[in-house]
Amino acid sequence: MKIDSLTLYHLRMPLIAPFETSFGRTTDRECIIISIESEGLIGYGECVAERDPGYSYETAGTAWHIIKDFIAQTIVGEDIHDANAFQERVAGIRGHHLAKAGVEMALWDLRGKYDGRSLKTMLGGVHGKVSVGVSVGLQSSPIDLVKAVGKYLEAGYRRIKIKIKPDRDVEEAKAVRGKYPDIKLQVDANSAYSLQTWQVLKPLDNLNLLLIEQPLHEDDIWDHRLIQKQLNTPICLDESIISPRHARYALEMEACKIINIKAGRVGGLSQAVAIHDFCQERHIPVWCGGMLETGVGRASNLALASLPGFLLPGDISASDRYYTEDITNERFVLNQDSTIDVPSGPGLGITINLRALKKHTLSKLRINSK
Ligand code: OSB
Ligand code: MG
């Protein structure tokens, strides 16, 4: 595919409700949308870097810089066949996985449109719909949290994840578990604890949780091993797994029993599939994480989560959990059985609402081939 141009859109979109985690509160989500043109076709991708370096060291600003000044140079005007060819070209750019993944997604969309194949088919997906849950941010009190959880259960979500941080952990989890003894429940600390402070989480072991997500430092695997040995509840790593190699390290160290896969964090869908395959061979369940995506990234997550090793519900909620107005014409809705349909059209299987894209764009830059 001869790449004629790459266009960057820095977006800011108001969330329906603020989303708070141990690293901060988001009221308006920022991201970078990438479009790539080739012979009259356009592929879209979403780079999930946020405004602030809270979840990742990358931000929308660093992603803009890395894509504009480095990644675009390796593909615009060039003939790029697929994700593997792309990964070879960007191998010399250290880190910046979120930036690389956003561009890789656009290339997958383009490839699919060329070939008339859906992303699901290209990746090896097997399900037409996937089980999903909802990630509930920190609330002002356990009572408010139970209320928020109740609202999502009423909407039909059958798996709940609650965010925790020091002093907002065991009491909140007990409150939710007390009110809803039978729901699928898990917690996510986003690296808010250390080897010195994690002990306060021990009572979580009695709450029948599906998993405890990323309690310790984002650049750590070894210490998670030390605490997994002292917990019956599976530890699930998110931030720490930044490549297929890191997935191997974690499993070899027995640092976790479950992995959260985000294509962004690991440097692209190709890398996400590699981690899926590696875990599947070892009977390690994986699930698809979320980054409050627009319809573009949501379509990608649904396709990824349709692979056979995604055995736990993903953080892929319906569009109306996030945005009143999305940049895709399609909106994703929750089915009765707490699933969402996987798009089946070519590529991502979505179309862009250009008016909404323009409305939410803070800045735009087009890079043409010379
Ligand atoms: O840790 O899984 C996380 C959102 C932004 C950054 C990190 C995380 C999250 C979520 C939201 O939990 C998941 C979603 O998109 O609904
Ligand atoms: Mg997480």
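Relevant structure appears above.
Here the structure is a predicted model, which means the values were calculated and not measured.

Conventions used here
Residues numbered from 1 in each chain as written. Chains lettered and ligands numbered in written order. Predicted model: local features only at pLDDT ≥ 70, side-chain atom pairs only at ≥ 80, totals over all residues. Heavy atoms only, no water. Near = heavy atom within 4 Å. Polar contact = N/O pair within 3.5 Å; in protein donor to acceptor, adjacent residues only side chain to side chain. Areas by Shrake-Rupley, 256 points an atom, 1.4 Å probe, with all protein chains shown as cover. Nonpolar A, V, L, I, M, F, W, Y, C, P; charged D, E, K, R; others polar. Pairing = 2+ DSSP bridges. Helix = DSSP H or I, 4+ residues; strand = E, 2+ residues; numbered from the N terminus. Axes fitted to C-alpha atoms, helices over the stretch in contact; angles between N-to-C directions. Expected span 1.5 Å × (residues − 1). Buried < 20%, exposed > 50% of the residue type's maximum accessible area, 1.4 Å probe, protein only. Contact = heavy atoms within 4.5 Å.

Caption draft 1: Region of interest: the site of ligand 1. Ser135, Asp188, Asn190, Leu292 and Tyr322 are the nearest of the 17 residues found near ligand 1. Within the contact set of ligand 1, an oxygen atom lies 2.9 Å away from a side-chain nitrogen or oxygen of Ser135. Between Asn190 and ligand 1, the recorded distance is 2.7 Å, taken from a side-chain N or O atom to an oxygen atom. Protein contacts shield 100% of the accessible area of ligand 1, which totals 390 Å² for the unbound molecule. Residue composition of the shell around ligand 1, grouped by class: six nonpolar, three polar and eight charged.

Caption draft 2: View of the sheet that holds strand 13 (residues 361-368). The four strands are arranged 3-2-1-13 in an open sheet whose pairing can be described as antiparallel. Each edge of the open sheet is held by one strand with a lone partner, namely strand 3 (41-47) and strand 13. Across the sheet, the mean angle from the axis of one strand to that of its neighbour is 25°, orientation sign disregarded. Bridge count for strand 2 (residues 24-38) against strand 3 is seven bridges, and the pairing is antiparallel.

Caption draft 3: Representation of helix 3 (residues 97-115) in the model. In a regular helix each residue adds 1.5 Å, so 19 residues correspond to 27 Å; helix 3 covers 26 Å between its end C-alpha atoms and thus fits that length. At the exit of helix 3 stands Gly116, carrying a positive phi of roughly 65°.

Caption draft 4: Local environment of unusual backbone geometry. Backbone geometry places His96, a non-glycine residue, at a positive phi of 55°. Inspection of the secondary structure assignment puts His96 in the loop between helix 2 (83-90) and helix 3. Since its relative accessible area comes to 15%, His96 is described here as buried.

Caption draft 5: Just the environment of Gly128, in detail. If you trace the backbone, Gly128 turns up in the loop between helix 4 (119-123) and strand 4 (129-131). Given a relative accessible area of 46%, Gly128 falls into the partly exposed group. In this structure, the C-alpha to C-alpha distance between Gly128 and Ile275, residues 147 residues apart in sequence, is 21 Å. Non-local contacts of Gly128, meaning those with residues more than four positions away in its chain, are made with Lys120, Asp341 and Val342.

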